[in-house]
Amino acid sequence: MESKRKNRLFQHSTMAALVGGLFGGTTTFKDLMKHGDLGIGTLNDFDGELIIVDGEPFQIREDGKAYKVAPEDTTPYATVTYFEPDVLFNVQEAMTREAVEEKIASLVQGPNVFYAVKVTGNFKVVDTRVAPKQSRPYPPLIEAVKTQPTYHFEYITGTIVGFFTPKYISGIGVAGYHIHFIDDMRKIGGHVFDYELLEGVVEVAQQTEFELELPQTSEFLRSDLGSPDMLEQIEAAEN
Ligand SMILES: [Zn+2]
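What comes next concerns the included structure. These figures come from a predicted structure and were not determined experimentally.

## Brief notes about the overall build of the protein
Across its full length, the protein carries six helices and 15 strands. Relative to the globule expectation of 18 Å for 239 residues, the C-alpha radius of gyration of the protein, 17 Å, shows essentially globular dimensions. The principal-axis extent of the C-alpha atoms belonging to the protein is close to 50 × 35 × 35 Å. The burial tally for the protein puts 40% of its 239 residues in the buried class. Partitioning the contacts of the protein with sequence separation of at least 6, the portion at a separation of at least 24 is 78%.

Structure below.
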């Protein structure tokens, strides 16, 4: 039994693999969940958005609704950590996403390490999208996200979780913030484009280590994942 070390980032596979259309699940949730209680990612067949809150994984499907994830379900890309905040602030007056991110930046130790974030509270607005399920032969990421449904939620209580990734990690992860939302009732959510927080709490945990687990499928091992415009494709697909 592995010890549950706090704030040690664990990631399965890479953004580069998703850019290349490697959407087939390459690890189970049974295995993934050994490495954290908070996280984000996607699911087998790029079927929606993954959000793990308080040790419970949820799948947000194309209909924008949240579904339970089973231990035997699989994922091609996910990032998790055992979350223990070391920076925390309360929000009592409305803050835009930009304002929250500026405030975090003023409280942490610079942009060259990973941070896990958790924002819990009442939101005036949350704008999301959901990755649309794909089937083999998989298209590249840039094609897959062309038909993604978007959702606009207003006056909703819930939780945003995700990660800040340093720019130099681009290709392995998504540089900057990559965040997902789920509402209080665990009924709806998605990949977050933008939000405005009315009141709540922002928790941040600097990650002291990063473990990258690479798939051992021949598909992953033999694909050409060195697309010259990979970073542009990630930017276009994720932001
Ligand atoms: Zn996402």
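There's more to say after this.
## A word on unusual backbone geometry
Look at the link from R136 to P137: it is a cis peptide, with omega at -5°. Relative to the elements of secondary structure, P137 occurs in the loop between strand 11 (115-129) and helix 4 (141-144). Look at D54: it is not a glycine, yet its phi comes out positive at around 50°. For D54, the position within the fold is in the loop between strand 4 (49-53) and strand 5 (56-60).

## Some thoughts on the pairing of strand 1 (residues 8-12)
Taken across its five residues, strand 1 has four buried, putting it largely inside the fold. Sheet analysis places strand 1 next to strand 15 (residues 209-213), joined by five bridges and oriented parallel. Bridged to R8 within strand 15 is E209. Relative to strand 8 (residues 78-81), strand 1 runs antiparallel, the two sharing three bridges. The residue of strand 8 that forms the bridge with F10 is V80.

## Concerning the sheet that holds strand 15
Reading across the sheet, the seven strands line up as 6-5-4-3-8-1-15 and stay open at both edges, with mixed pairing between neighbours. Only two strands of the sheet have a single partner each, and these edge strands are strand 6 (66-68) and strand 15. For this sheet the average axis-to-axis angle between neighbouring strands, irrespective of direction, equals 20°.

Rules used throughout
- Residues numbered from 1 in each chain as written.
- Predicted model: local features only at pLDDT ≥ 70, side-chain atom pairs only at ≥ 80, totals over all residues.
- Helix = DSSP H or I, 4+ residues; strand = E, 2+ residues; numbered from the N terminus.
- Rg over C-alpha atoms; globule rule 2.2 N^0.38 Å.
- Buried ≥ 20, exposed ≤ 12 C-beta atoms within 10 Å, placed from the backbone.
- Contact = placed C-beta atoms within 7 Å.
- Pairing = 2+ DSSP bridges.
- Axes fitted to C-alpha atoms, helices over the stretch in contact; angles between N-to-C directions.

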